[in-house]
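Structural features, examined
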Amino acid sequence: MNKQQLASKIWESANKMRSKIEANEYKDYILGFIFYKYLSDTEVKFCRENDFSDADIKALTEDDTDTVEFIGQSIGYFIAYDNLFGAWIEKGKDFDVSNVRDALSAFSRLINVSHRKVFDRILDTLQTGLSKLGDSSSSQTKAISDLIQLIKDIPMDGKQDYDVLGFIYEYLISMFAANAGKKAGEFYTPHEVSLLMSEVVAEYVKNRSTIDIYDPTSGSGSLLINLGRSVAKHIADSNNVKYYAQEIKENTYNLTRMNLVMRGILPVNIYTRNGDTLEDDWPFFDDSDPVGTYNPLYVDAVVSNPPYSQAWDPSGKDGDPRYAGFGFAPKTKADFAFLLHDLFHLKPDGIMTIVLPHGVLFRSGEEGEIRKNLIEKNHIDTIIGLPANIFFGTGIPTIIMVLKKPEGRKKLDGKKDTDVLIIDASKGFAKVGKNNQLRASDIKKIADTAASRISTPKFSRLVSQQEIRDNEYNLNIPRYVDSSEGAETWDIYASMFGGIPKSEIDLLDAYWQAFCGLRDELFDDDSSPYCGLAVENTEATIKANVSVQGFKANYEAVFADFADLLKTELIDGMQTIDINKEETALADEIFGRIAPVPLVDKYSVYQALDDEWTKTAIDLEIIQTEGFAATKKVNPNMVLKKKDGKDQEVQDGWIGHVIPFELVQATLLKEDADALRAKKEQLAEITSTYEEVIGSLSEEEKSTSILNGTNDAFVFGEVKKALKSIIADIDTPEITALRTYIDLLDEKVNKPEKERFIAEHSNVNWANIEANKDGTYGKGKVNAYIKSLQAGFTFDVDSYESKIVKIGELLDEEKELKATVKEESAALHLKTKTTIEGLSDAQVLTLLEQKWIAPLMATLHRTPDGIIADLVAKVRALADKYAVTYAEVAEQIAETKSSLSVLIDDLTGNDFDMKGLGEFQSLLRGENHE
């Protein structure tokens with residue numbers, strides 16, 4: 001399984017296992033055990049790298065003080081062999097909850113002094129919560145055993161950024177957040193929002209050699225980690241990034257530390273603190289300074305998603321430098337208190353992004369005064385309005401505010417920048433379940449706009465300080481950016497007399513600029529402000545236009561060699577490519593190519609790239625981690641199935657580790673796959689015929705037992721019974737004669753009487769019956785012939801009997817076909833497995849090219865057709881809008897009224913009915929009865 005499949009499997013099982021335990025609580029247990037597994041595996045890996053044999057590892061005990069010190073100084077802690085996660089697995093049925101309690105207690109005791117700040121009490125939440133996993137020792141043991149069995153297969157040796165552990169950890173946090181309701185905000189910022197904040201920051205600090213980053217409300221640490229990953233793409237050595245995190249809730253604070261440690265961040269670069277950010281600011285004390293001199297913490301970047309509008313106590317903070325010169329946030333809403341805290345900790349050239357409720361933009365009172373001070377001191381750089389319902393547990397509108405120190409607010413030309421960029425990104429999202437979610441293209445567009453500081457109609461606008469002053473420092477986004485769709489307008493003249501207003505045709509000017517001469521081809525143009533459509537087939541005219549064809553040819557030329565470039569980058573360089581940076585490089589390449597091409601939305605193209613890259617990156621991670629041989633591997637396809645009332649994991653065939661079965665069957669095994677597909681299509685046709693026959697049955701016929709209770713499927717056994725009865729009832733002159741002959745045989749008549757009967761009944765085709773030696777016919781042969789006549793009898797095509805005969809034949813055919821399909825499907829499945837395992841290197845490269853490159857190229861090539869189709873739809877909509885004038889509509893209404901009135905004349909009823917109909921006719925005629 002790749003990391004996405006493994007994460008999904010673990011979540012599915014864990015969510016069932018947690019039973020009645022709240023998602024917000026259960027996450028602490030499973031994530032805690034994952035972290036302990038990481039610690040155990042890290043120690044074992046370290047030992048092996050330092051020439052410890054398996055026997056040496058099994059001999060690890062707390063009594064060996066030299067080894068404890070050696071390992072502790074190197075990785076920060078020591079775990080005896082009996083306490084390792086792997087040893088718990090080995091214990092099998094002898095495993096007990098006491099093993100966990102002893103191990104966690106020992107871990108706390110054996111943290112090396114050099115790493116105590118990172119690891120001290122990091123497992124306390126897990127240790128104190130074990131009792132909640134069951135009412136007794138045995139139930140706790142079972143719950144823990146199930147958990148460790150679930151996570152034992154997570155690989156912990158990430159290489160080349162194949163961060164399986166980190167991905168699974170983040171995935172589980174996000175899924176627990178989705179199920180934790182309002183409590184989700186305590187520990188999780190949606191990945192897409194986190195990524196957007198990180199990209200905005202990373203662009204600003206990208207040229208620095210060392211970077212310090214800080215999250216004062218760190219939650220699970222995901223926001224800080226995403227920022228670290230984003231800035232690491234622009235820095236030569238990722239170890240030059242220092243992480244500072246503070247979190248008030250101890251269990252969430254422990255999640256932060258676990259998350260940072262498991263991402264491979266060096267302990268020396270991790271600075272965390274469990275404390276109240278607003279009540280207890282975090283100065284940085286240098287451990288080497290015996291006096292403990294106060295050094296305020298100043299960093300390159302701060303990111304935060306603090307709790308929204310929570311109460312706080314500003315009393316006693318008059319001398320607090322964080323709020324000096326700005327004022328205090330109101331007691332009931334600490335939003336600006338968090339913002340000012342973040343701002344205080346910035347270096348002069350630092351940057352911060354913070355998520356806040358939309359109300360901070362316009363609420364008055366103390367908040368209005370703080371806004372004024374922030375604007376006048378030139379701190380607010382950018383405001384980004386996010387889609388509603390984007391956070392778990394709350395649907396309130398939110399924003400991201402970007403702030404800098406005045407020294408860092410400079411334009412591209414180096415001059416002082418006092419404008420505020422306001423971005424309304426509330427309309428760009430995808431609906432995912434109950435929540436809205438930013439797409440990759442949305443994130444890219446917002447981040448690019450923030451970096452370039454450009455104004456885009458209905459999306460972004462640079463606003464001067466003076467305009468904000470004129471609006472009394474109200475920063476409500478709709479005051480500056482109107483992203484609403486304009487109401488549809490109707491031209492009065494065109495509505496009455498027809499024609500297409502030139503003013504509405506002008507709205508498509510971008511197309512007319514790109515497609516020279518097309519407008520003149522499509523529309524009749526006289527000197528009036530109105531035009532008529534000059535062609536009957538709009539689509540054909542547009543597609544045949546020389547400029548449109550030139551546009552398509554130009555676009556194709558732009559990407560003519562792009563597939564070759566992708567092949568060089570992805571196929572030839574798969575072992576060495578920097579996966580984290582490659583998507584950005586490809587996006588820059590695509591943007592450069594389409595820059596001179598009109599009408600192409602580069603962010604739609606970027607979305608197509610990201611959709612494919614997400615899948616390609618997983619394959620590249622596997623290949624770089626496990627080697628090229630991984631492309632020829634298949635894995636058991638494990639699924640959950642009910643057995644004895646319980647979900648059990650069982651194997652259901654195989655799946656390709658990198659190469660999908662479907663791709664192999666569509667290429668190397670196409671003949672076999674096509675033959676199987678044809679049989680499946682036959683089955684589908686049979687099903688369709690069933691539906692047609694059911695639809696043709698009368699209600700009386702449907703009430704018989706041949707259909708199930710919902711009358712949407714035939715009952716096989718009942719159809720067979722009905723068919724047998726129908727056939728038995730078939731009677732013709734020939735069959736009647738044959739049955740009379742059988743009666744004679746039963747009466748044991750002599751041979752002359754038989755011969756006389758045969759001679760008298762020439763309507764019987766006696767030649768079709770095998771005769772006895774004496775020229776007469778035996779009973780068995782005659783009965784067989786009767787059955788053949790009944791089987792070959794043809795009913796009227798629309799008769800009930802004909803339909804039952806047809807269904808009977810189809811049921812037999814379907815049964816046989818299903819058996820064949822099942823057999824051939826299994827055979828093809830195994831043949832595909834064997835084929836993947838036996839692929840040559842050249843075949844693998846060809847298949848990877850078809851998997852990675854072909855889909856992206858197909859999407860890119862469809863882009864011009866989509867643009868042209870949009871124009872066709874818009875021109876048709878314009879033509880249809882005024883195709884029927886008001887006069888024609890009025891005439892049609894009058895005709896309808898007249899026809900209805902005539903129909904009423906023919907109606908009959910009692911006196912009251914007729915009086916009501918008369919009044920209705922008066923209304924139709926427009927008569928006034930006031």
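Keep in mind it's a predicted model, so treat the numbers as computed, not measured.

Scoring rules and cut-offs
Residues numbered from 1 in each chain as written. Predicted model: local features only at pLDDT ≥ 70, side-chain atom pairs only at ≥ 80, totals over all residues. Heavy atoms only, no water. Helix = DSSP H or I, 4+ residues; strand = E, 2+ residues; numbered from the N terminus. Rg over C-alpha atoms; globule rule 2.2 N^0.38 Å. Buried < 20%, exposed > 50% of the residue type's maximum accessible area, 1.4 Å probe, protein only. Contact = heavy atoms within 4.5 Å. Pairing = 2+ DSSP bridges. Axes fitted to C-alpha atoms, helices over the stretch in contact; angles between N-to-C directions. Core = buried A, V, L, I, M, F, W, Y, C linked by side-chain atoms within 4.5 Å. Salt bridge = Lys/Arg side-chain N within 4 Å of Asp/Glu carboxyl O. 1 Å grid on protein atoms, 1.4 Å probe; cavity = no way out; pocket = protein on both sides within 12 Å on 5 of 7 lines; lining within 4 Å. Points joined across faces, edges and corners; volume = space filled by probe spheres on them. Parallel < 35°, antiparallel > 145°, perpendicular 65-115°, else oblique. Left-handed = near helix turned anticlockwise from the far one by under 90°. Nonpolar A, V, L, I, M, F, W, Y, C, P; charged D, E, K, R; others polar. Phe/Tyr/Trp six-rings, centres within 6.5 Å; stacked < 30°, edge-to-face > 60°. Lys NZ or Arg CZ within 6 Å of the ring centre and 35° of its normal. Arc of directions from axis to C-beta.

**Re the overall build of the protein**
When helices and strands are counted, the protein shows 37 helices and 18 strands. Taking 2.2 N^0.38 as the reference for a compact globule, 930 residues should give roughly 30 Å; the C-alpha atoms of the protein span a radius of gyration of 39 Å, well beyond that estimate. Seen through its C-alpha atoms, the protein measures out along the principal axes to roughly 135 × 95 × 70 Å. By the burial criterion, 47% of the 930 residues in the protein qualify as buried. In the protein, 72% of the contacts between residues at least 6 apart in sequence involve partners at least 24 apart.

**Some remarks on the sheet that holds strand S8 (residues 380-385)**
Strand pairing in a sheet relies on backbone hydrogen bonds, with the paired strands running either antiparallel or parallel. Reading across from one edge, S3-S2-S1-S6-S7-S9-S8-S10-S13 is the order of the 9 strands in this open sheet, with mixed pairing throughout. Among the strands making up the open sheet, the edge pair consists of strand S3 (270-274) and strand S13 (460-463). Geometrically, the sheet is characterised by an average inter-axis angle of 15° between neighbouring strands, direction not taken into account. Pairing analysis gives 7 bridges linking strand S7 (residues 346-357) to strand S9 (residues 398-404), with the strands arranged antiparallel.

**Quick word on the nonpolar core**
By size, the foremost hydrophobic cluster in this structure holds 111 residues, and its most contacted members are Trp512 and Phe714. If you tally residues by element for this core, the top one is helix H35 (residues 841-881), at 15 residues. Ignoring anything within four residues of it in the chain, the contact list for phenylalanine 714 reads Tyr690, Val693, Ile694, Leu697, Ile706, Leu707, Val719 and Ile807.

**Notes on the pattern of salt bridges**
A complete count under the given rule lists 54 salt bridges for this structure. Between glutamate 849 and lysine 567 there is a salt bridge, with its nearest N and O atoms 3.8 Å apart. Highlighted residues: glutamate 849 in helix H35 and lysine 567 in helix H24 (residues 562-572), separated in sequence by 282 residues. Judged by its relative accessible area of 35%, lysine 567 falls in the partly exposed class. Salt-bridge contacts for lysine 818 lead to glutamate 814; the nearest nitrogen and oxygen are separated by 3.8 Å. Here the residue lysine 818 and the residue glutamate 814 both occupy positions in helix H34 (residues 800-837), the gap between them amounting to 4 residues, near one helical turn.

**Thoughts on empty space enclosed by the protein**
A full pass over the atoms with the stated rule returns 1 cavity of 30 Å³ or more. Counted as a void, the largest cavity has a volume near 60 Å³. Going through the elements one at a time, H24, helix H26 (602-626) and H35 are the ones with two or more residues in the lining of the largest cavity. A total of 4 residues in the lining of the largest cavity trace back to one element, the largest contributor, which is H26.

**A look at the packing of helix H28 (residues 670-696) against H34**
Where H28 contacts H34, the two axes come as close as 9 Å, and the packing angle between them is 155°. Considered as vectors, H28 and H34 are oriented roughly antiparallel to each other. H34 is crossed by H28, and the crossing has left-handed handedness. Considered class by class, the residues forming the contact of H28 with H34 number 12 nonpolar, 6 polar and 10 charged.

**What to know about the sheet that holds strand S16 (residues 530-533)**
Across the sheet, 3 strands lie side by side as S14-S16-S15; this open sheet has antiparallel pairing. Edge positions in the sheet fall to strand S14 (500-501) and strand S15 (523-525), since each of these pairs with one other strand and no more. Across 2 bridges, the pairing between S14 and S16 is antiparallel. The partner of isoleucine 500 across the bridge, within S16, is cysteine 531.

**Focus on the side chain of aspartate 442**
The topology assignment puts aspartate 442 in helix H16 (residues 440-452). Take aspartate 442: its relative accessible area is 10%, and that puts it in the buried class. With sequence-adjacent residues up to four places away left out, aspartate 442 is seen in contact with Gly428 and Phe429.

**Let's talk about the packing of aromatic side chains**
To describe a pair of aromatic rings, you give the distance between the ring centres and the angle between the ring planes. For the structure on display, the rule yields 28 aromatic pairs. Centroid distance tryptophan 312 to tyrosine 323: 5.6 Å. Interplanar angle 55°. Geometry classified as tilted. Residue tryptophan 312 is located in the loop between strand S6 (299-304) and helix H14 (335-344), and its partner tyrosine 323 is located in the loop between S6 and H14; the two are separated by 11 residues in the primary sequence. Since its relative accessible area comes to 3%, tyrosine 323 is described here as buried. Put simply, the rings of Phe33, Tyr36, Phe85, Trp88 and Phe95 pair up and form one aromatic cluster. If you follow lysine 833 out to its NZ or CZ, it ends over the ring of tryptophan 654, 4.8 Å from the centre.

**Things to note about helix H4 (residues 65-75)**
Regarding H4, the residues found buried are Thr67, Val68, Ile71, Gly72 and Ile75. Buried positions in H4, seen along its axis, are confined to an arc of 125° and lie on one side of it. Facing away from the buried surface of H4 by more than 90 degrees, the exposed residues are Thr65, Asp66 and Gln73. One or two steps after H4, the chain reaches glycine 76, where phi turns positive at roughly 100°.

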